[in-house]
Amino acid sequence: MTTDQSIRHPAGQPARRAVLFGLAAAPLALALDPAPAEAAGGPGRNYLVPQPRPGQFPTQPTTPKHELRAMWVSVVANIDWPSKPGLPAAQQQAELIDWLELAVQQRHNAVMLQVRPTADALWPSPYEPWSAWLTGKQGADPGYDPLAFAVAEAHKRNLELHAWFNPFRVAMTEDPATLIPSHPARRHPDWAIPYGGKLYYNPGEPEVRRFVEDAIMDAVSRYDIDAVHFDDYFYPYPVAGKPFPDDASYARYGAGQSLADWRRSNITSLITELGQRIKSAKPLVQFGISPFAVWRNKATDPRGSDTTAGAQTYDDLYADTRDWVHRELIDYIAPQVYWSIGFTAADYAKVTDWWAKTTAGRQVHLYIGQATYKVNANADPNWSDPQELSSHLQFNTGYPQVQGNIYFSAVSVRTDALGATSLLNRTWYTRPALLPASTWLKSQPPAPIRALKRSGPGGATLRWRAGSADTAHFAIYRIPLSDKHARATSENLADAADLLAVIPRDGATAAWTDPAPTGTSPVAYVVSAVDRAGNESAGVAVN
């Protein structure tokens, strides 16, 4: 990740609304609720609560129902995990569990875990060696499979695991001799280029791109990851006065293109081919990218953002992120908008507005990368205000395209400088949230649950059966009622104000106990099924 204002909800701008999906459920309602349609819901009876149509009911911006909330867990240089190389396997596992528990405490629903930081692997890869960030020695077996462990522990906590790969960075030094002799960059020295103090695979070599894809696809095919995630590193950030030395590759493969266009075509080829291979192997695994947030400055290109950033992804990293969104080559984009609101060179408000317009109408989710690491640690005085991060989420509510946030990085989330993260959580993360639905991956929701029953003291324990095999999670709501004969309605499901929990499916039957039941106050519990693409079924209620 690269390291490189306060505003309230703008007047007249609509609050963010959850994207909900309705269900024509009348036949199912008759099967689930034997009472006549006009009868009130009585205690113990099941009845169907259809999901509302988008925009059908007003919602609260502080309790969105569909929103990605995540943090990056960096492995390179042991930024976040493990805390240092060479720890025993049990201690590494305990530290990773602590990070996942932190995510749960924050009411996050995903984690971006770095699994290929420097042309290495956090799993037993046939392509690349074990990462030295684990053991202190490249190629040394850590004594367990970190990726398998991470996937299992994340899913146990109902967190998506987005496996974060760096495609071309090989080493944090220019010297290939720091790699073990069997490393692919040692066996194919023509693949690697030293530049700017690091060693990189050459994106201009077709063999390299195919190898990178193969290494990533090994993890996709063998592990139950939820997404493949890239950050901002493609071609390296330029070093002043030092061109990237890929002349020989350009002479072989340039085919009459300008050097810049050829480099961009190399990166776009990787994105296109890898995306196709991911979907061919596992259609519901997403492909997401978190680029440096400025595609091009407006002074360079009138289609660009109103910024004067020192780097532009199109021109300097050769990553045409705008094109990837317009062609829907990826499932989500999470630009690293690591600036404050009002920052002169790159204003958070202006950059976010540009991305909202760029993604509008596209089948690509927009999430925003947030610079938690800058709080109370940056020359920009706005980052000394504990409200700065919260003001970003406030600004986002004016843009329905913005569907979530990712925080860099885990150690900064835990540090909670100035109490800024705690303030953000108290304001914006008081309820759980479902992930945004990726309807282009799967359009139909799972079947509603079956046989919902209440039992135990105060009827606080719920039991039910899954309605279809594509159910991955269950959403549980507790709806206050005016009296015991009232019913939950679709309006109660319009946002997350009454959402108590989202739990993973574990078998054909499920059970859950309300940790804080309401005693004798009349309530309806509503349980819905959610599939891996985020589609939600109609709710089934019991009073």
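Each chain has its residues counted from 1, following the order in which its sequence is written. Confidence filtering applies because this is a predicted model: local features only for residues at pLDDT of at least 70, side-chain atom pairs given and counted only at 80 or more, and all residues used for totals across whole chains, interfaces and linings. Only hydrogens and water are removed before side-chain values are computed, so all heavy atoms of the structure are retained for them.

Description of the overall build of the chain
Working step 1: Secondary structure elements follow DSSP: runs of H or I of four or more residues count as helices, runs of E of two or more count as strands, with numbering from the N terminus. Each helix and strand counted, the chain has 14 helices and 19 strands in total.
Working step 2: Using C-alpha atoms as the atom set, the radius of gyration is obtained and then compared with a globule rule of 2.2 Å times the number of residues to the power 0.38. Taken against the 2.2 N^0.38 rule, which gives 24 Å for 543 residues, the C-alpha radius of gyration of the chain at 24 Å falls within 12% of a compact globule.
Working step 3: Dimensions of the chain along its principal axes, counting C-alpha atoms only, are 80 × 55 × 45 Å.
Working step 4: Counting the 543 residues in the chain, one finds 58% classified as buried.
Working step 5: For accessible areas, the Shrake-Rupley method is used with a probe of radius 1.4 Å. Any residue's cover is judged against the shown protein chains and nothing else. When the accessible surface of the chain is summed, it comes to about 20,300 Å², and 53% of that surface belongs to carbon and sulfur atoms. Only protein chains enter the area calculation, which uses a 1.4 Å probe; residues under 20% of their type maximum are buried, those over 50% are exposed, and those in between are partly exposed.

Some details on the side chain of Arg-169
Working step 1: By the secondary structure assignment, Arg-169 is in strand E5 (residues 169–171).
Working step 2: Within 3.5 Å is the distance limit for a polar contact, defined as a pair of N or O atoms, with the added protein rule that one can donate a hydrogen and the other accept it, and that residues adjacent in sequence qualify only through two side-chain atoms. Polar contacts involving the side chain of Arg-169 include one to the main-chain carbonyl oxygen of Pro-117, which spans 3.0 Å.
Working step 3: Residues within four places of Arg-169 in sequence aside, it is in contact with Val-76, Gln-114, Pro-117, Thr-118, Ala-119, Lys-198, Leu-199, Tyr-200 and Tyr-233. Throughout, a contact is declared for two residues whenever any of their heavy atoms are within 4.5 Å.

Description of the sheet that holds strand E1 (residues 46–49)
To summarise the sheet geometry, strands pair through backbone hydrogen bonds and adopt either a parallel or an antiparallel arrangement.
Working step 1: Ordered by their spatial adjacency, 5 strands build an open sheet running E1-E19-E18-E15-E16, and the pairing between neighbours is antiparallel. Each edge of the open sheet carries a strand with a single partner, namely E1 and strand E16 (499–504). Each neighbouring strand pair of the sheet contributes to a mean axis angle of 25°, computed without reference to strand direction.
Working step 2: Strands qualify as paired when DSSP identifies two bridges or more between them. Sheet topology note: the E1/strand E19 (residues 539–542) ladder contains 4 bridges and is antiparallel. Across the sheet, residue Tyr-47 finds its bridge partner in E19, namely Ala-541. In this analysis an axis means a line fitted to C-alpha atoms, helices contributing only their contacting stretch, and an angle means the value between N-to-C directions, from 0 to 180 degrees.

A short note on the pairing of strand E3 (residues 110–116)
Working step 1: Among the 7 residues of E3, 7 are classified as buried, and the element is accordingly described as predominantly covered.
Working step 2: Judged from the 4 bridges that link them, strand E2 (residues 68–73) and E3 form a sheet pairing that is parallel. Note on E3: the bridge partner recorded for Trp-72 is Met-112.
Working step 3: What joins E2 to E3 is helix H2 (residues 89–105), and the crossover it makes is right-handed.
Working step 4: Bridge count for E3 against strand E4 (residues 160–165) is 6 bridges, and the pairing is parallel. Looking across to E4, one finds that Met-112 is bridged to His-162. Looking down the strands as they point away from the viewer, one classifies a crossover as right-handed if the path from the first strand across the helix to the second runs clockwise.

Side note on the pattern of salt bridges
Side chains carrying opposite charge are able to pair once their charged atoms draw close together.
Working step 1: Counted as salt bridges are all cases of a side-chain nitrogen of Lys or Arg within 4 Å of a carboxyl oxygen of Asp or Glu. Applying the stated criterion across every chain, the model contains 26 salt bridges.
Working step 2: The closest approach of N and O atoms between Asp-315 and Arg-296, which form a salt bridge, is 2.7 Å. Placement of Asp-315 in helix H9 (residues 313–317) and of Arg-296 in the loop between strand E9 (286–289) and H9 is noted, with a sequence separation of 19 residues between them.
Working step 3: Its relative accessible area of 13% is what places Arg-296 among the buried residues.
Working step 4: The network of salt bridges with common partners includes Glu-101, Glu-153, Lys-156 and Arg-157.

Remarks on the packing of H2 against helix H4 (residues 146–156)
Working step 1: As a packed pair, H2 and H4 sit with axes 10 Å apart at the nearest point and diverge in direction by 35°. H2 and H4 meet at a crossing whose hand is right-handed. Contact residues: Gln-93, Leu-96, Ile-97 and Leu-100 in H2; Phe-149, Ala-150, Glu-153 and Ala-154 in H4.
Working step 2: Put simply, Ala, Val, Leu, Ile, Met, Phe, Trp, Tyr, Cys and Pro go in the nonpolar bin, Asp, Glu, Lys and Arg in the charged bin, and everything else, Gly too, in the polar bin. Looking at the contact of H2 with H4, its residues break down into 6 nonpolar, 1 polar and 1 charged. Left-handed is the label given to a crossing in which the near helix is rotated counterclockwise from the far helix by less than a right angle, and right-handed is the label when the rotation is clockwise.

Side note on the environment of Gln-363
Working step 1: Within the fold, Gln-363 resides in the loop between helix H11 (348–359) and strand E11 (365–370).
Working step 2: By relative accessible area, which is 38% here, Gln-363 ends up partly exposed.
Working step 3: Separated by 94 residues in the primary sequence, Gln-363 and Ser-269 have C-alpha atoms spaced 20 Å apart.
Working step 4: Excluding anything up to four places from it in sequence, Gln-363 contacts Glu-328, Ile-330, Asp-331 and Trp-440.

Things to note about unusual backbone geometry
Working step 1: Note the cis peptide between Trp-81 and Pro-82, where omega equals -20°.
Working step 2: Among the structural elements, Pro-82 can be located in the loop between E2 and H2.
Working step 3: Backbone torsion omega between Phe-408 and Ser-409 reads -15°, so that peptide bond is classified as cis.
Working step 4: Turning to its location among the elements, Ser-409 is positioned in the loop between strand E12 (402–407) and helix H13 (410–415).
Working step 5: For Arg-107, which is not a glycine, the phi torsion comes out positive at approximately 60°.
Working step 6: Overall, Arg-107 belongs to the partly exposed group, its relative accessible area being 38%.

Quick word on the packing of aromatic side chains
Working step 1: Stacked, tilted and edge-to-face pairs are distinguished by plane angle, under 30 degrees for stacked and over 60 for edge-to-face with tilted covering the rest, among Phe, Tyr and Trp rings (Trp via its six-membered ring) whose centres lie within 6.5 Å. Applying the stated criterion across every chain, the model contains 28 aromatic pairs.
Working step 2: Residues Trp-191 and Phe-211 carry aromatic rings whose centres are separated by 5.2 Å and whose planes lie at 50° to one another, so their mutual orientation is tilted. With a gap of 20 residues between them, Trp-191 in the loop between helix H5 (184–187) and strand E6 (192–195) and Phe-211 in helix H6 (residues 206–222) connect regions that are remote in the sequence. Here Trp-191 and Phe-211 have matching classes, each one buried.
Working step 3: Ring geometry for Trp-464 versus Phe-474: centroids 5.3 Å apart, planes at 80°, classification edge-to-face. One end of the pair, Trp-464, is in strand E14 (residues 461–465); the other, Phe-474, is in strand E15 (residues 471–480), with 10 residues separating them in the sequence.
Working step 4: Sitting over the face of the ring of Tyr-47, Arg-487 holds its NZ or CZ atom 4.3 Å from the ring centroid. Cation placement over rings: the criterion is NZ of Lys or CZ of Arg within 6 Å of the ring centroid and within 35° of the ring normal.

A few points about the nonpolar core
Working step 1: In these notes, a set of buried Ala, Val, Leu, Ile, Met, Phe, Trp, Tyr and Cys residues joined through side-chain atoms within 4.5 Å is what counts as a nonpolar core. Membership of the largest hydrophobic core comes to 121 residues, with the highest contact counts inside it found for Trp-81, Leu-113, Tyr-201, Val-228, Phe-230 and Ile-271.
Working step 2: With 7 residues, the top contributor of residues to this core is H6.
Working step 3: Beyond its immediate stretch of four places on either side in the chain, Trp-81 contacts Val-73, Ser-74, Val-75, Gln-92, Glu-95, Leu-96, Trp-99, Leu-113, Leu-122, Leu-134, Tyr-144 and Pro-146.
Working step 4: In this structure, Ile-449, Leu-462, Phe-474 and Ala-529 belong to the second largest nonpolar core, which totals 19 residues.

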